[in-house]
Every structure is written in structure tokens, then in C-alpha cells.
Amino acid sequence: MNKILITTLSLALLTIGVEAKVKFDYSVVNVPEEGGVNFERITDDADCVLYTVNNRQGILGRKKASGVDWWVNPQIALSPDGQRIAYINYKNGTQNIMVKSAKSGGASTQRTFRTAVEDFTWSPDGSTLCFTEVRGGHHGIYLVNAEQGSVVKQISAGNDNDYGGVLSPDGNTIFFHRGEGVQSYSIWSYDRKTNLFSNYSRGMTPVLIPGKSNEIYCARFTDQKESEIWRINFETGVEEIILSQPGRSFTTPQLSPDGQWLLVTGTSVSEKDKTMNTDIYVVKTDGTNLTQLTYHPGNDMSAVWSPDGRSIFFLSQRGSANRVFNVWKMSFDL
């Protein structure tokens, strides 16, 4: 893991350690539990896709036999028309957003020319990329044109630590979460017309709900440093827990185009080599029908929907003997 991500482990999730017992060939693309699912690799190793999962001892000062932590913010994005995929490239000591065709193969185009981009989302109208970057030891929200130029607009103040920005459908409001201590985050918004910031509720990685301007989905840490998925109504004050399991964490929710499913990254124990890893899950928006979609011993994470809801793009170590991350695409037909 690069130095920038190591310094930001307050956003990573800790999981229960499991000793490895069986070695597995990670170059395998899929495992029997994933039968019937079509997997397609979109990037290749030359794209230098940023990896953000770490298995190690002594996480945040607490000894573990083994474990996994991961950066919970969205790190790939699909253009609203589904034609282009964007990812974070790590090369020559810098992290930047690259865009390429959502079909496998083809060249990538660099869209940011910064030092330390950490997460990003694509605006609903396809015109803007909203990203987080580390500058001067602080994490801030920035905007850049998704198509051309390199002019960047800074949203966050220099002393704040803001992450996971998402633009409203009209492009006027940016929702994000702000760090207020170790594993303590709250949901904020910024109005681009009035330049006003508003604070709403505890949580991170807000997900907007079409037609519901006062409601979001988000993730929240528990007292046990595990993560749950919540739905929050800012107008009524009603807060509902959607997904929670003791001893496990779920993060990075993404709402399906039909509004029926939430796509999340969650912890899992590999049946192949008995190690803890991350996998992709879906759950109905009422909290029912939790379904694990991936079972590969490699880490699968940061998943997003295709516009028609029939495919899922995600980061994965599958298909790589060296456990290198790439962007993959899988079918979805539940």
C-alpha cells in the first residue's frame, strides 16, 4: 500500500483475523460458487490500477493474527451513458483519475493532473468528476471537467478533511462526509450558488436517492469499529438501519438504477484459503435478501452499477497470480 493510503487508515475497516490454511492460485478468474456469472476484465496490469486493501499485523496499534482493511470511498465510476469507466492510476508516485472505454481494451485518458487523488464520483449529467485529494496533510473535495481541460475548483477549506463527494442531479449541491476524529464522520453538503455548508447527521459515503432530496443512504461505524448501512431522512429525522451483522462490516453503498437494491462491499472468509477478504454483496433497500455475489479469495471491492442495472463494475485481484488489482465487469440477474 502506498504511503498516502497508510496515513489515512482511520477510514479503513478492521476485521476478524483468520489464519491461512490453504494456498490458492489467484490467477483463476472465478470459483465454483460463482457459477453462471460472466466475468470480464476491463483494465490490464499496465493501467496500474490503485490498490487499497492491506493484509498485515498491528493495524492502528492493535495486534491481529491476520486481517484486512480497506479504503471505503468509491474508487471507480461509470459515465452516466455507461460508455466509459474511470479508475485511479498509481504511477510515478502520483495518483490520478484515468478514463477509458467500458469495453475491455483500448487506451486510457488522464483526467486529473494532481498528486494524491483518493476517491471520486461522476456527476449525473456526465460533465464533472468530483474527487478527494490530499494536500498539505488534509483531504479536500475538488471538481474537474470530465471531458477536457485541467482546471480544478476547490470546494473544501484547507483545514478540513472531506471525502466521498457526490453531486446532486442539478449539479448545485455536493454531499460528502467530513472526518471529525478517528472513525468519526458526519454528512455535509455544499451549495455552489450560496457557498453555504450544511451539516446533517453522522455517517460517511452518502448515496443520493432519486426523487428524495431529503434522504440518503450511507455507512456508519459502530462502537466495535464495524460498519453498517443506514437510510437517513433529513426532513423527518427518521434513521433506519438497513444492513448490520456482528463481526462483519459493509461499506460503499450504491443504489441500483431501479431503486430496488443496494450494492455494497463486505467482509468475507474465503473457503479456499481460509483468509479474511472483501467481497461484493447486494441487499434489498428494505434490508432483506442479502446476497453474496463474489467468492474469489482475492479482494473484490468498490462496486458500481451499469445504467441498465444488468452489470456491475468493481475492483478485484482475481485473474492475477501476483494479486494485482484491475477493473472487472460481472453480470447481474437477480
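A quick note: this is a predicted structure, and the numbers were derived from the prediction, not measured.

Engineer: Can you explain the overall build of the chain? Please cite residues and give values.
Structural biologist: The secondary structure content of the chain amounts to one helix and 26 strands. Taking all 334 residues of the chain together, the buried fraction comes to 53%.

Engineer: Any chance you could break down the nonpolar core for me, citing the residues and the numbers?
Structural biologist: Within the largest apolar cluster, 35 residues are counted, with the highest numbers of intra-cluster contacts made by Ile-76, Tyr-217, Ile-229, Leu-262, Phe-313, Leu-315 and Val-327. Not counting chain neighbours up to four residues away, the residues in contact with Leu-315 comprise Val-49, Leu-50, Gln-75, Ile-76, Asn-299, Asp-300, Met-301, Ser-302, Phe-325, Asn-326 and Val-327. Membership of the second largest hydrophobic core comes to 14 residues, among which are Leu-50, Phe-131, Val-144 and Ala-146.

Engineer: Account for the packing of aromatic side chains, naming residues and giving values.
Structural biologist: Evaluation of the coordinates by the stated rule reveals 14 aromatic pairs. When the centroid spacing of 5.8 Å and the interplanar angle of 35° are considered together, the rings of Phe-175 and Tyr-200 count as tilted. Residue Phe-175 is found in strand E13 (residues 173–179), and its partner Tyr-200 is found in strand E15 (residues 197–202); the two are separated by 25 residues along the sequence. Judged by its relative accessible area of 34%, Tyr-200 falls in the partly exposed class. Centre to centre, the rings of Trp-305 and Phe-332 are 5.0 Å apart; their planes meet at 80°, and the pair counts as edge-to-face. Here Phe-332 lies in the segment after strand E26 (326–331) and Trp-305 lies in strand E24 (residues 300–305), a separation of 27 residues in the sequence.

Engineer: Describe in detail the pairing of E13, supporting the description with residues and values.
Structural biologist: For E13, the tally of buried residues reaches six of seven residues, placing the bulk of the element in the interior. Between strand E12 (residues 162–167) and E13, which pair antiparallel and follow one another directly, the connecting turn spans five residues, one of which, Gly-171, has a positive phi of 75°. Sheet analysis places E13 next to strand E14 (residues 185–191), joined by seven bridges and oriented antiparallel. When the sheet's bridge partners are listed, His-177 is paired in E14 with Ile-187.

Engineer: How would you explain the pattern of salt bridges if you had to name every residue and give the values?
Structural biologist: Pairing between side chains of opposite charge can happen when the charged atoms of each approach one another. Throughout the structure, instances matching the rule amount to ten salt bridges. For Asp-300, the salt bridge is made with Arg-318, and the minimal N-O distance between the two is 2.8 Å. Taken together, the positions of Asp-300 in strand E24 and Arg-318 in the loop between strand E25 (311–316) and E26 put the pair 18 residues apart, joining distant regions of the chain. Given a relative accessible area of 1%, Arg-318 falls into the buried group. Each of Glu-34, Asp-300 and Arg-318 takes part in salt bridges that share partners, so that together they form one network.

Engineer: Give a detailed account of the sheet that holds strand E4 (residues 76–78), specifying residues and quantitative values.
Structural biologist: The strand order across the open sheet formed by four strands is E4-E5-E6-E7, and the pairing between neighbours is antiparallel. Strands at the two margins of the open sheet, each flanked by one partner only, are E4 and strand E7 (109–110). Pairing geometry for strand E6 (residues 94–101) and E7, over two bridges, is antiparallel. Note on E7: the bridge partner recorded for Met-98 is Gln-110.

Engineer: Can you tell me about the environment of Asp-191, naming the residues and giving the values?
Structural biologist: Positionally, Asp-191 belongs in strand E14. Owing to a relative accessible area of 22%, Asp-191 belongs among the partly exposed residues under this scheme. Sequence separation of Asp-191 and Ile-155 is 36 residues, and the distance between their C-alpha atoms is 9.9 Å. Those residues within four positions of Asp-191 in sequence are excluded, and the remaining contacts are Asn-172 and Leu-196. Within the structure, Asp-191 has its side chain in polar contact with the side chain of Asn-172 (distance 3.3 Å).

Engineer: Could you give an account of the sheet that holds strand E19 (residues 239–243), with specific residues and numbers?
Structural biologist: The antiparallel open sheet is built from four strands, whose spatial order is E16-E17-E18-E19. The sheet terminates laterally at strand E16 (204–209) and E19, the two strands that pair on one side only. Each strand axis lies, on average, 30° off the axis of its neighbour in the sheet, ignoring direction. The pairing of strand E17 (residues 212–221) with strand E18 (residues 227–233) spans seven bridges and is antiparallel. Note on E18: the bridge partner recorded for Glu-215 is Asn-233.

Engineer: Tell me about the side chain of Gln-95, and please be specific about residues and values.
Structural biologist: One can find Gln-95 in strand E6. A polar contact is formed between the side chain of Gln-95 and the backbone oxygen of Val-117, at a distance of 2.7 Å.

Engineer: Break down the confidence of the model for the chain for me, citing the residues and quoting the values.
Structural biologist: Caution applies to low-pLDDT regions: their predicted coordinates should not be interpreted in detail. When pLDDT is averaged along the chain, the result is 88; 88% of the residues meet or exceed 70. Ranking the elements of the chain by mean pLDDT puts helix H1 (residues 3–6) last with 36 and E19 first with 98. Taken together, the stretch residues 1–20 has pLDDT below 50 and engages in 79 contacts with residues farther than four places along the chain or on a different chain.

Each value, and the rule that gives it
Residues numbered from 1 in each chain as written. Predicted model: local features only at pLDDT ≥ 70, side-chain atom pairs only at ≥ 80, totals over all residues. Heavy atoms only, no water. Helix = DSSP H or I, 4+ residues; strand = E, 2+ residues; numbered from the N terminus. Buried < 20%, exposed > 50% of the residue type's maximum accessible area, 1.4 Å probe, protein only. Core = buried A, V, L, I, M, F, W, Y, C linked by side-chain atoms within 4.5 Å. Contact = heavy atoms within 4.5 Å. Phe/Tyr/Trp six-rings, centres within 6.5 Å; stacked < 30°, edge-to-face > 60°. Pairing = 2+ DSSP bridges. Salt bridge = Lys/Arg side-chain N within 4 Å of Asp/Glu carboxyl O. Polar contact = N/O pair within 3.5 Å; in protein donor to acceptor, adjacent residues only side chain to side chain. Axes fitted to C-alpha atoms, helices over the stretch in contact; angles between N-to-C directions. pLDDT = per-residue confidence, 0-100.

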